[in-house]
Amino acid sequence: MDIFTIISVLVFLSAIFGYINARFLKLPNSIGLMLITIVFTLAVFAIGYIDDTLINAERYIITQIDFKSVLLDIMLSFLLFAGALHTNFEQLKVQRWPILVFSTLGVLVSTFLVGTSMYYLLQLLGMQINFIYCLLFGSLISPTDPIAVLGILKKAGAPKKLETKIVGESLFNDGVGVVVFLTIFQLASATEVAVSPLDIIELFGVEVIGGLALGLALGWGTYKLMRSIDDYDIEVIITLATVMVGTLIAQKFHLSAPLAMVAAGLVVGNDTVRNSAMSETTETYVDKFWELLDILLNTLLFVLIGMEMLVLTFKTEYIIAGLLAIPLVLLCRYLSLMLPIKFFEKKLDFVPRTNLVMTWGGLRGGISIALALGLSDDMHRDAFLVITYIVVVFSIIGQGLTVEKLIKSVVK
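These lines cover the structure that appears in this document, whether it is placed above or below. (Residues numbered from 1 in each chain as written. Predicted model: local features only at pLDDT ≥ 70, side-chain atom pairs only at ≥ 80, totals over all residues. Heavy atoms only, no water.)

Some details on the nonpolar core
Okay, so step 1: Phe67, Met118, Leu122, Trp290 and Phe384 are the most contacted members of the largest nonpolar core, which has 133 residues in total.
Okay, so step 2: No other element matches the 16 residues that helix α19 (residues 381-410) contributes to this core.
Okay, so step 3: Look past the residues within four positions of Phe384 in its chain and what remains in contact with it is Leu122, Ile129, Tyr133, Cys134, Phe137, Ala372, Leu375 and Met379. (Core = buried A, V, L, I, M, F, W, Y, C linked by side-chain atoms within 4.5 Å. Buried < 20%, exposed > 50% of the residue type's maximum accessible area, 1.4 Å probe, protein only. Helix = DSSP H or I, 4+ residues; strand = E, 2+ residues; numbered from the N terminus. Contact = heavy atoms within 4.5 Å.)

Have a look at this one:
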């Protein structure tokens, strides 16, 4: 099959599964699509015992797609720009300090808590895995996924200031999380050449600060171009070019493309820029275009996540470790948020049980799976991929289905 055929099959499956969800299940798209795809894949497994044509075709499609590259290098930029474009900039500005701490210090603390806990858990299960590889798992599972979070929270009816914290944190912390992962990955991969603390600081600084600076520059340039014309067709194309060219520039100079796209989206989407650079017609078209693109890419992403179970190596110890990792990851997230929330809650009037809601509402998604797929075999890729997949599936289906009830029960 050529690339067009594969994309056509994926879009067809996304459309059919999306229809089934909208017509019958009526779940949030991310949950419904992944659930239907997993059921579909299990059914294909069962049919495979009689006729393996369908399972071979599905397995071929998955093996032809580099999920890590497709998500991290292409889809993520579009999804984050779309998410940032529709984020309440004024609320984000008010909550900027807790969001900054959650998405940096929170990710680092969670990485070390999860990594250390997993190291001892795996030892108890008889799996002798080096501490540095457990830290890698901690770094890939700690960031919450904005793609999973955004759609579900909108349906959950969370108070705006709480929604802003969770969405704002997830927009930034996946970019930070990717940088933390790459830093630890470099340490874990180093054999002959020693990696100094200065190298780590340089890598982290260039990726994060460079990515944010690029994003702000792109957002400002986009604003100036849009302000100088009044043609909604061209203005929509300008925003599309911003994401595509910005991603290429970030990749060329080893900057964080996710953080660049978040910064650019926040600049272009804030009310001041909208009022001075976009006519009412342009604003409508820009918003609708990015909403449609967001929905299409989300649909494809969660269908792909469901199908990824075909490439997993299921072993009993991996499954047990994955199931035990679910409460462990949640506990570590709760602990990593505790101090920042205590520090900021009185100054910024946090809603009751903010820590509980942020812990349960901080969903993991495709980014964690993509990073796990990037591990090498000597880093125990198969084991961590199964563990990550189990945590992500529980997060999106289990937490995603119950977060609305939790919000309504604890936030009066």
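Topic: the packing of aromatic side chains
Okay, so step 1: Applying the stated rule across the entire model yields 11 aromatic pairs.
Okay, so step 2: With 4.1 Å between their ring centres and 25° between their planes, Tyr232 and Tyr285 make a pair best called stacked. In this pair, Tyr232 is assigned in helix α12 (residues 232-252) and Tyr285 in helix α15 (residues 280-307), connecting sequence segments 53 residues apart.
Okay, so step 3: Consider the rings of Phe343 and Phe344, whose centres lie 5.0 Å apart with planes at 90°: the pair is edge-to-face.
Okay, so step 4: What links up through ring pairs into an aromatic cluster is the set Phe78, Phe81, Phe289 and Trp290.
Okay, so step 5: Over the ring of Phe350 we find Lys165; its NZ or CZ atom is 4.1 Å from the centre of that ring. (Phe/Tyr/Trp six-rings, centres within 6.5 Å; stacked < 30°, edge-to-face > 60°. Lys NZ or Arg CZ within 6 Å of the ring centre and 35° of its normal.)

Here we look at a nonpolar patch on the surface
Okay, so step 1: Side chains of Ile3, Phe4, Ile7, Val11 and Leu296 sit close together on the surface and give an oily, nonpolar patch of about 490 Å² of accessible area.
Okay, so step 2: Take the nonpolar patch: its biggest share by element is 4 residues, from helix α1 (residues 3-25).
Okay, so step 3: Tracing the sequence through the fold places Ile3 in helix α1. (Patch = residues over 30% accessible without salt bridge, like charges linked within 9 Å, V, L, I, M, F, W, Y side chains within 5 Å. Areas by Shrake-Rupley, 256 points an atom, 1.4 Å probe, with all protein chains shown as cover. Salt bridge = Lys/Arg side-chain N within 4 Å of Asp/Glu carboxyl O.)

Focus: the packing of helix α18 (residues 366-373) against α19
Okay, so step 1: Two elements in contact, α18 and α19, have axes whose closest approach is 9 Å; the angle formed by their N-to-C orientations is 175°. Taken together, the axis directions place α18 and α19 in an arrangement best described as roughly antiparallel. Taken together, the residues of α19 that come into contact with α18 (itself represented by Ser368, Ile369, Ala372 and Leu373) are Arg381, Phe384, Leu385, Thr388, Tyr389 and Val392. (Axes fitted to C-alpha atoms, helices over the stretch in contact; angles between N-to-C directions. Parallel < 35°, antiparallel > 145°, perpendicular 65-115°, else oblique.)

Things to note about the pattern of salt bridges
Okay, so step 1: Under the definition given, this model contains 6 salt bridges.
Okay, so step 2: One salt bridge in this structure joins Arg333 and Glu169, with 2.9 Å as the shortest N-O distance. Of the two residues, Arg333 sits in helix α16 (residues 316-344) while Glu169 sits in helix α10 (residues 160-189), which places them 164 residues apart along the sequence. By the burial criterion, Arg333 is buried, and Glu169 matches it.

These figures come from the coordinates and say nothing about function on their own.
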